[in-house]
Structure formats: C-alpha cells, structure tokens
Amino acid sequence: MVYRESLTAAITRYYVFNGLYREGEEQMTFEAADANLIEVSQTLEKEFAGTARGFFVELDSFDDETHQSEIIVGFTIWPYEDDENEEQLILRTVREELEKIGFIEDDEYYLGDGPDIR
C-alpha cells in the first residue's frame, strides 16, 4: 500500500514516549502495562469525542525487571486545519493520561506520519 499525503486528508501523527512505570509496582507485567494503555486509549477517545480524532496507543517494549517502557501513540490530525497549538494540546493530554496510570516520561519524540487510522 502506498501512502500519499494530501492537503485535505486527515493523517495519523505518531510519537514515541520513553519512560518507566512507577517503581513499587512489583507485579507489573507486559500484559498489565498493555491493559493500562487500552484504558488510556479509551479515555483519549472520550476526551476528544466530537473532534473526529482516532487514537492509537501501543506498548512497543517493556522490561519486566526495570519497567522501562516505550509507548507509541498515534492520533488523527488535519494538516490544513490543525495548528501546532492543537497538536501540543493533544500531546499534553496524552502525557497526563499516561501519568495517571503511573508512567513517568523520560522523553518523547516525533516518529512520523501515516494514513488516517479512523
């Protein structure tokens, strides 16, 4: 499949969040961490209901010993309509939701754009 960007089409913007789950979560496993991210995804969908945004939240890696994690987050944007402030609002909301489940972010970086996931 070939992805062709269009000025009027929605796209999915992807970011990677690196960090770790709170220490003291001795029973934390990949499965438990992944289940937490399902809740985050559902909360983001509710938070931005009415804006026709889709969210993709996936645990890419998780170390059982250190709880060091890498989370990929994707969300729908419209390049012709959304400005940088809108994107920063979405990223701030993602950070807040990840913090609620005990994820402590070390850094985050832009991964790239892809076709609309809605």
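Every chain's residues receive numbers from 1 upward, in the order its sequence appears when written. pLDDT decides what is reported in this predicted model: residues at 70 or higher carry local features, side-chain atom pairs at 80 or more are listed and counted, and totals for whole chains, interfaces and linings draw on all residues regardless. Each side-chain value is worked out from all heavy atoms of the structure, with water and hydrogens disregarded.

Visitor: Requested: an account of the overall build of the protein chain, with residues and values cited.
Guide: Under the DSSP-based scheme used, a helix requires at least four consecutive residues in state H or I and a strand at least two consecutive residues in state E, with every element numbered from the N terminus. When helices and strands are tallied, the protein chain shows two helices and four strands. Helices and strands appear in the protein chain in the N-to-C order β-α-β-β-α-β. Three labels apply to residues, based on accessible area from a 1.4 Å probe with only protein chains included: buried if under 20% of the type maximum, exposed if over 50%, partly exposed otherwise in between. When the 118 residues of the protein chain are sorted by exposure, 41% land in the buried category. Working rule for contacts: check all heavy atoms of both residues, and any pair within 4.5 Å makes them a contact. Restricting the contact set of the protein chain to residue pairs at least 6 apart, pairs at least 24 apart contribute 76%. The Shrake-Rupley method, run with a 1.4 Å probe, gives the accessible areas here. Residue values count only the displayed protein chains as cover. Accessible area for the protein chain stands at about 7,000 Å²; split by element, carbon and sulfur atoms hold 46% of it.

Visitor: So what about helix H1 (residues 30-47)? Which residues, and what values?
Guide: In an α-helix, one turn spans 3.6 residues; hence positions three or four apart end up facing the same way. Multiplying 1.5 Å by the residue count of a helix minus one yields the expected span of that helix. Relative to the 26 Å expected for 18 residues at 1.5 Å per residue, H1 spans 26 Å between its end C-alpha atoms, a close match to the ideal helical length. Among the residues of H1, Ala33, Asn36, Leu37, Val40, Ser41 and Leu44 are the ones counted as buried. Looking straight down H1, one finds that the buried residues subtend no more than 150° of arc, so they occupy a single side. Set apart from the buried face of H1 by more than 90 degrees, the exposed residues are Glu31 and Lys46. Read the arc as the range of directions from the helix axis to the C-beta atoms.

Visitor: Pulling in residues and values, what's your account of the nonpolar core?
Guide: One finds Phe17, Tyr21, Leu37, Ile71, Phe75 and Leu98 to be the most contacted residues of the largest nonpolar core, which totals 24 residues. Contributing elements (two or more residues each) for this core: strand E1 (11-21), H1, strand E2 (55-62), strand E3 (68-77) and helix H2 (84-100). The contacts of Leu98, once residues within four sequence positions are left out, are Phe17, Leu37, Val40, Ile71 and Phe103. Only buried residues count toward a nonpolar core. Its members are Ala, Val, Leu, Ile, Met, Phe, Trp, Tyr and Cys residues joined through side-chain atoms within 4.5 Å.

The values reported here are purely geometric and, on their own, carry no functional implication.
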